[in-house]
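Each chain is listed here by its residues.
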Amino acid sequence: MSPHRIAAVIDKEIHDALRNRYIVMLMIMLPIVFAAIPLISLSSIRQIPPSRESSGELPPALARRLAGLPPQVQLEVFLVSQFMLLFWIAPLAIPMTIATYSVVGEKREKALEPLLATPVTTGELLTGKALAAACPGITLSWAAYLLVVAAAHGIRLSPPALETLWGPTAWVQIFALGPLITLLATLTGLIVSSRVNDPRLAEQIGMVVILPLLGLILAQSFGLLWLSGTLLLLIALFLLGMDVLLIALAVTLFERETILTRWR
């Protein structure tokens with residue numbers, strides 16, 4: 001693969017995305033929303049009078065896992081753990097929108113034919129499109145996370161909760177799992193986008209990636225699962241393998257010789 005040609009595809013895709021007002025609006029609003037939700041919730045929890053603090057608010061299985069901590073601290077740790085999963089989902093909306101429109105939209109605007117006529121290979125084209133779609137969401141998610149970390153120190157969150165928010169386990173979730181999940185969703189969107197002619201349908205199909213994440217949130221909420229460091233590393237390895245497989249599948253399914261005639 002040629003880094004120069006990949007960079008040219010990335011530059012083109014980013015410029016195209018920035019001309020879409022809907023995508024620009026998402027890039028502005030989503031980091032604010034995903035930073036505000038945990039900050040408002042954590043600030044509210046700290047206003048609970050000591051007499052009302054109770055670990056009974058947690059599922060029994062989670063209360064046992066956090067036994068030994070004061071009730072309010074238990075609740076803070078639980079909420080931070082849930083919000084960490086929210087940052088797995090945070091980067092997905094923007095990449096999915098960019099990815100699903102990148103093929104279908106170009107076809108509708110008659111911009112795909114000239115692109116496929118260039119010397120860029122299918123692998124370079126899809127790599128550039130995937131990176132251009134994934135990087136804005138990942139970057140904005142990281143910015144929202146760092147804002148939450150800074151604000152958490154400002155409101156003096158308890159040390160166990162801060163350790164859950166800013167520590168090795170949190171770094172694996174934010175800086176490894178987040179990008180891997182985003183790339184998985186982006187590649188899924190590109191694959192679907194190359195096979196259908198409706199960008200909204202492609203986006204809706206691609207967003208099925210969120211369903212397992214919602215399952216993890218619910219499982220942890222009910223105490224059925226606790227995402228330990230070991231489990232997170234296993235999930236990361238699984239996602240890495242899935243991303244590699246999806247890249248190969250995307251190149252195979254992107255039939256550049258017939259993709260244009262199929263949609264005429």
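Residues numbered from 1 in each chain as written. Predicted model: local features only at pLDDT ≥ 70, side-chain atom pairs only at ≥ 80, totals over all residues. Heavy atoms only, no water.

Remarks on the overall build of the chain
Applicable threshold: Each helix is a run of DSSP H or I of at least 4 residues and each strand a run of E of at least 2, with the numbering of both proceeding from the N terminus. Each residue is placed in one exposure class: buried if its accessible area under a 1.4 Å probe, protein chains only, is under 20% of its type's maximum, exposed if it is over 50%, and partly exposed if it falls in between. For this analysis, residues touch if any pair of their heavy atoms sits within 4.5 Å. Residue burial considers only the protein chains on display, and all accessible areas are found by Shrake-Rupley using a 1.4 Å probe.
When you go through the chain residue by residue, the secondary structure sums to 13 helices and zero strands. The buried share among the 264 residues of the chain stands at 50%. Once local pairs closer than 6 in sequence are excluded, the contacts in the chain between residues at least 24 apart make up 83%. Split by element, the accessible area of the chain, about 12800 Å² in all, is 69% carbon and sulfur.

What to know about the nonpolar core
Here is the rule: In these notes, a set of buried Ala, Val, Leu, Ile, Met, Phe, Trp, Tyr and Cys residues joined through side-chain atoms within 4.5 Å is what counts as a nonpolar core.
Counting residues in each nonpolar core, the largest one holds 69 residues, and the members touching the most others are Trp88, Tyr145 and Leu165. If you tally residues by element for this core, the top one is helix α4 (residues 71-89), at 13 residues. Residues in contact with Tyr145, not counting those within four places in the same chain, are Met84, Phe87, Leu165, Trp166, Ala170, Trp171, Ile174 and Phe175.

What to know about a nonpolar patch on the surface
Rules: Two joining distances apply to patches: 9 Å for like charges and 5 Å for nonpolar side chains (Val, Leu, Ile, Met, Phe, Trp, Tyr), and every residue must have over 30% relative accessible area and no salt bridge. By definition here, a salt bridge exists when the distance from a side-chain nitrogen of Lys or Arg to a carboxyl oxygen of Asp or Glu is within 4 Å.
A contiguous nonpolar patch, built from Tyr22, Met25, Ile28, Met29, Ile32, Val33 and Ile37 and spanning about 650 Å² of accessible area, is present on the exposed surface. Residue position: Met25 is located in helix α2 (residues 21-45). With a relative accessible area of 47%, Met25 lands in the partly exposed category.

Points about the environment of Met96
Mapped onto the secondary structure, Met96 falls in helix α5 (residues 93-108). The buried category is assigned to Met96, whose relative accessible area is 1%. Taking the C-alpha atoms as reference points, Met96 and Ala130, 34 residues apart in sequence, are found 9.8 Å from one another.

Examining the packing of helix α9 (residues 168-195) against helix α12 (residues 229-253)
Put simply, the test is: Angles run from 0 to 180 degrees between N-to-C directions of axes, and those axes are lines fitted to C-alpha atoms, restricted for helices to the stretch in contact. The scheme is simple: roughly parallel for angles under 35 degrees, roughly antiparallel for over 145, roughly perpendicular for 65 to 115, oblique for anything else. Working rule for handedness: look at the near helix, and if it is turned counterclockwise from the far one by less than a right angle, call the crossing left-handed; if clockwise, right-handed. Each residue is assigned to one class: nonpolar for Ala, Val, Leu, Ile, Met, Phe, Trp, Tyr, Cys and Pro, charged for Asp, Glu, Lys and Arg, and polar for all the others, Gly among them.
It is at 9 Å that the axes of α9 and α12 come closest, and there the two elements cross at 25 degrees. When the interaxial angle is binned, α9 and α12 end up roughly parallel. By crossing handedness, the relation of α9 to α12 is classed as left-handed. Looking at the contact of α9 with α12 residue by residue, the classes come out as 20 nonpolar, four polar and two charged.

Considering empty space enclosed by the protein
One way to see where empty space is left: roll a probe the size of a water molecule over the atoms. In plain terms, the rule: Buriedness for pockets is judged along seven lines, at least five of which must meet protein on both sides within 12 Å for an open set on the 1 Å grid over protein atoms alone, while cavities are sets there where a 1.4 Å probe fits but cannot get out, and lining residues have an atom within 4 Å of a point. Grid points are joined across faces, edges and corners, and a volume is the space filled by probe spheres set on the points.
Summed over the entire model, instances satisfying the criterion amount to two cavities of 30 Å³ or more. Computed from the structure, the largest cavity encloses a volume of approximately 70 Å³. Forming the walls of the largest cavity are Leu30, Pro31, Phe34, Phe87, Ala90, Pro91, Ile94, Pro136, Gly137, Leu140, Ser141 and Ala144. Elements that contribute at least two residues to the lining of the largest cavity include exactly α2 and α7 (122-154). Tallying contributions element by element places α7 first for the lining of the largest cavity, with five residues. Residue composition of the lining of the largest cavity, grouped by class: ten nonpolar, two polar and no charged.

So, the packing of aromatic side chains
Convention followed: Working definition: rings of Phe, Tyr and Trp (its six-membered ring) pair if their centres are within 6.5 Å, and the pair is stacked with planes under 30 degrees apart, edge-to-face with planes over 60 apart, and tilted otherwise.
Scanning the entire structure with this criterion turns up five aromatic pairs. Ring plane angle 65 degrees and centroid distance 5.2 Å describe the contact between Trp142 and Phe175, whose orientation is recorded as edge-to-face. Remark: Phe175 occurs in helix α9 and Trp142 occurs in helix α7; sequence separation between them is 33 residues. You can call Phe175 partly exposed: its relative accessible area is 35%.

Regarding the packing of α2 against α7
At their nearest, the axes of α2 and α7 sit 9 Å apart, and the two run at 30 degrees to each other. Seen along the crossing, α2 lies across α7 with a hand that is right-handed. From α2, Met27, Pro31, Phe34, Ala35, Pro38 and Leu39 reach across to α7, where they touch Pro136, Leu140, Ala144, Leu147, Val148, Ala151 and Ala152.

As for α7
Put simply, the rule is: Multiplying 1.5 Å by the residue count of a helix minus one yields the expected span of that helix. Consider a residue and the seven residues that end there alongside the seven that start there; fitting an axis to each set, the bend is the angle between those axes.
Here α7 is 33 residues long and its end C-alpha atoms lie 48 Å apart, about the 48 Å a rise of 1.5 Å per residue gives. The sharpest bend along α7 measures roughly 25 degrees and falls at Ala134, with the proline Pro136 sitting one to four residues further on. Following α7 by one or two positions, Arg156 has its phi on the positive side, about 60 degrees.

That is the geometry; function is a separate question.
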